[in-house]
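# Examining the three-dimensional arrangement
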Amino acid sequence: MDTIALVGNPNSGKTTLFNAITGSNQHVGNWPGVTVEKKEGKVKYNNKEYNIVDLPGTYSLGAFSEDEIVARDFILKGNPDVVINVIDATNIERNLYLTAQLIEMGTKVVLALNMMDEAKAKNIEIDLDKLSKELGVPIVATIASKKQGIQDLLKSATEYINYEKMIKPFTYTERIKNELESIMPLLSDSEYIYPKNWLAIKILEKDKEIINYIDKNGTENLKNKVNEIQSIDSDLELEIIDNRYNFVGDILSHSVKRPAEDQLSLTDKIDKIVTDKFWGIPIFGLIMFIVFQLTFTIGEGFLGGLVEGLIGTLGKYVEEVLLNISAPTLLTSFIIDGIFGGVGAVLVFVPLIVVLYFFLGILEDTGYMARAAYVMDGIMRKLGLHGKTFISMIIGFGCNVPGIMATRTLENKKDRMIAILINPFMSCGARIPIYMLFIAAFFPNNGGLVLFSLYLLGIIMALVVGKIFSKTLFKGESSDFIMELPPYRLPSITSVLRNMWDKVWDFLHRAGTVIFVVVSLLWVLSILPYGVEPSSQGSYLGKIGTVVAPIFKPAGFGSWQAAVSLFSGIAAKEAVVGVLGMVYAAGSSDPSALAVELQSIFTPLTAVSFMVMVLFYTPCAATIATVKKETNSYKWAIFISIYTFIIGWISAVLVYQVGTLLGF
Amino acid sequence: MENLYIEQSSLSSLKKGECGKICGISAGCNSRSRLCELGLNKGVLVKIVKNDIGPLILNIQGHKLAIGKGLASKIIIER
């Protein structure tokens, strides 16, 4: 099957185009707006099926950040048959820089000149024929948001696969030409996975990845030459960049006309308020508060009650059926305690998570997230962190896994490591069920406030720990702040709903797999040894919990049940609720029974210290695995598991001890 | 001394609402390519949207870019 890859700048509408091409025929849901890994889909055109790959949005194909390397490697090593380069037509000058790099690589490129309607509204005139001729690439005008031009684009791209490549000799200055000629002969006596012309250019640019590659695979002569080039401090790299830029500039001056001055747009008016030096941060705080308040009201109060009622009714019905057919006690216990008590307790919170994702998706889609990073940069910088770290933190509110993966856009190793290590303090969606359970039992009237305070506490802890890391483990300068502030757009309902559905599916999938397995396993431990009263302290589960429980005594929740639930939470955070449901509300299929039961075991103070523990302690297995993958080291994976536990424990103890002293 | 009559200064010294044309970038290669791929290179016209606390906000042909003060001070512009 032929493969078509999509590349383009962030905010060029690449993902919208990907959705328009593949329709529902795709997999791997990602966090809205952020394609952290490549996404794949399929499309049928002219009775032939094509594989469509959506690469992370990048401004260039250098090797500065991880997402650029992902995109570049796929184009060079994944050998797509043709590459569609998505261009924001209103910002063609900048977008073509990436195109120049693609042409330089010798890739078969088709340009999708996207957002043509907006370009027209701004009176930007683009001569497509001239542009196509001078760049030496086919160009198709598209409006991805209205699904216009998609068929033409597919036609152009699929036809190009079978044609010879259009050749536009990329012109270099005399000096670059001479240097290239001195390298090319050295490349000819061996085989490389990269195109040789491109390899030569990258050697001159002192591209780190390529230099490493030559170190491993090059001939002695070539290595000597590379070392020679590296040792000379010339401005040749700059000349290559300028050369590329001039190549684009020349072509544009012939084919694009734009009016001199843009009017004050709606985006400018909104930005004036939300990036204001005094109001920026309070407005951001207010927006987040509203999001959590709405999440709480709609998700819990309205939808949550619905699901709870449904599960309760279903549970009673199943219980009766089991009774009527006089099923074995063991089976009844498994279904009622394990499935309804455990997994059911988790499912009750699905609506809440859905609503949170809905609002975060809207924030992301409108373009507000970039402003949030902007207004937070001042505080972040004082703490020795990079402003962009904040975006990965907000994404972490949804789930820490994409949050950690989003740190790939940070170029500097120091910035990135800190961003990874503090991400788990951002309270993810899976922790919500735990808070909600305790809120329902102890703070039913101040739910939104409690939830918001926990999130705020998470942010503060992340920032404090980040500051400490930047002073100790990772010293040095943060890289410069530079970020696009995309124009505000109305979020597309389909894209928000699609992303929401992906998350719901992911959540249900986990409830059916990881959480089910954990709960089942613990259920088995709770009925053994044979003959013991289920979920009692005499069971294996109770014995294990009893051994661990004293650790948590200073924090006020030294029961064996709490200990067991916390440890199961390392598999997946939702499992905490699942296990509490199983051990505390054994024998009941009604989800609301658990909250009532908790009231007799916890106090409002210990509920708070427990929630604080949950907020900070060891991240879930999926997050730990991601840390291992992204840092490429077990050391950091182990480090993050342990240090977060220590912080969680100290904080919970502090809450309980200070609270007790104050008489709560 | 040919440029005597053209006022040169760094981008970070411009105030809100002022415009300038980039005539040089005195940053290293990494920063230089970063700026270039985000549309900041010689000959480009920029307008300052905001320059108080925090990073500057620039308007480059209708598109907005936020850029740290340190980096902005390395961009030489003429008015």
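Residues numbered from 1 in each chain as written. Chains lettered and ligands numbered in written order. Predicted model: local features only at pLDDT ≥ 70, side-chain atom pairs only at ≥ 80, totals over all residues. Heavy atoms only, no water.

### Some points on the overall build of chain B
Keep this limit in mind: Think of it this way: any DSSP run of H or I at least four residues long counts as a helix, any run of E at least two long counts as a strand, and we number them from the N terminus. Using a 1.4 Å probe on the protein chains alone, a residue whose accessible area is under 20% of its type maximum counts as buried, one over 50% counts as exposed, and one in between counts as partly exposed. Any two residues whose heavy atoms approach within 4.5 Å at even a single point are treated as in contact. Note that accessible areas follow from Shrake-Rupley with a 1.4 Å probe, and for residues the cover is restricted to the protein chains shown. By the counting scheme adopted, Arg and Lys are positive, Glu and Asp are negative, and His together with the chain ends is not counted. For the purpose of locating charges, the reference atoms are NZ of Lys, CZ of Arg, CG of Asp and CD of Glu.
Scanning chain B from N- to C-terminus turns up two helices and six strands. Mapped from its N terminus to its C terminus, chain B presents α and β elements in the order β-β-α-β-β-β-α-β. Residues counted as buried form 51% of the 79 residues belonging to chain B. Considering only contacts in chain B between residues 6 or more positions apart, those separated by 24 or more positions represent 57%. Carbon together with sulfur atoms contributes 54% to the accessible area of chain B, which is approximately 3500 Å² in total. Distance between charge centroids for chain B: 7 Å, based on 12 positive and 6 negative side chains.

### Overview of the overall build of chain A
Threshold: Put simply, the radius of gyration uses C-alpha atoms, and a globule should come to 2.2 Å times the residue count raised to 0.38.
Secondary structure summary: chain A contains 30 helices and ten strands in total. Computed over its C-alpha atoms, the radius of gyration of chain A comes to 28 Å, within 12% of the 26 Å expected for a compact globule of 664 residues. On the principal axes, the C-alpha backbone points of chain A span a range of 85 × 55 × 50 Å. Relative to its full complement of 664 residues, chain A shows a buried share of 58%. A separation of at least 24 residues holds for 75% of the contacts in chain A among residues at least 6 apart in sequence. Here chain A has roughly 27900 Å² of accessible surface; of this, 61% comes from carbon and sulfur atoms.

### Structural notes on the pairing of strand E4 (residues 48–54) of chain A
Residues and elements named next belong to chain A. Here is the rule: At least two bridges found by DSSP between two strands are what make those strands a pair.
Most of E4 sits out of view: five of its seven residues are buried. As defined by bridge partners, strand E3 (residues 39–45) adjoins E4 across seven bridges and the pair is classed as antiparallel. If you follow glutamate 40 over to E4, its bridge partner there is valine 53. Hairpin geometry of E3 and E4 is characterised by an intervening segment of two residues between the two adjacent antiparallel strands and by a positive phi of about 55° at asparagine 46.

### Brief notes about the interface of chain B and chain A
Applied cut-off: In this description, buried area is defined as the sum, over both parts, of the accessible area (probe of 1.4 Å) that is lost when the two are combined. The term salt bridge refers to a side-chain nitrogen of Lys or Arg lying within 4 Å of a carboxyl oxygen of Asp or Glu. Between N or O atoms, a polar contact is any pair within 3.5 Å; within protein, one atom must be a potential hydrogen donor and the other a potential acceptor, and residues adjacent in sequence are included only when both atoms are from side chains.
Taken residue by residue, the interface counts 32 residues in chain B and 35 residues in chain A. When chain B packs against chain A, close to 3200 Å² is buried across both sides, 57% of that on carbon and sulfur atoms. Linking chain B with chain A are four salt bridges, by the criterion used here. Its salt-bridge partner being A:Asp271, residue B:Lys64 comes within 2.8 Å of it at the nearest N-O pair. In this assembly, chain B and chain A are joined by 15 residue pairs in polar contact (both at pLDDT 80 or more). Breaking the side of chain B that touches chain A down by element, the ones donating at least two residues are helix H1 (29–37), strand E3 (45–50), strand E4 (56–60) and strand E5 (63–67) of chain B. A total of nine residues in the side of chain B that touches chain A trace back to one element, the largest contributor, which is H1(B).

### Re helix H15 (residues 350–366) of chain A
Residues and elements named next belong to chain A. Short version of the rule: Under the convention used throughout, the expected extent of a helix is 1.5 Å for every residue step, that is, one less than its residue count.
Between its first and last C-alpha atoms H15 spans 25 Å; for 17 residues at 1.5 Å apiece the expected length is 24 Å, and the two agree. With 14 of its 17 residues buried, H15 lies for the most part within the structure. One or two positions beyond H15, positive phi appears at glycine 367, with a value near 100°.

### Thoughts on the UniProt feature "binding site: Mg(2+) 1" (unreviewed entry) in chain A
All names here are of chain A. This is how the line gets drawn: UniProt positions are given in the numbering used here, feature names are shortened, and annotations may be inferred rather than shown by experiment.
On the UniProt side, "binding site: Mg(2+) 1" (unreviewed entry) is annotated at positions that read Thr22 here. With respect to the helices, strands and loops of the structure, threonine 22 is situated in helix H1 (residues 14–22). Separated by 2.8 Å, the side chain of threonine 22 and the backbone oxygen of phenylalanine 18 make a polar contact.

### What to know about the side chain of A:Thr158
Residue and element names in this part refer to chain A. With respect to the element layout, threonine 158 can be found in helix H6 (residues 150–162). Of note is the side chain of threonine 158, whose polar atom sits 2.6 Å from the backbone oxygen of leucine 154. Contact partners of threonine 158, with chain neighbours within four places excluded, come to Ile4, Tyr45 and Tyr50.

### Some remarks on the domain arrangement of chain A
Operational definition: Start and end points for every domain follow an automatic or database-based domain assignment.
Split into domains, chain A comes out as domain 1 (2–162), domain 2 (174–257) and domain 3 (282–480 + 492–661). Relative placement of domain 2 of chain A and domain 3 of chain A: their C-alpha centres are 49 Å apart.

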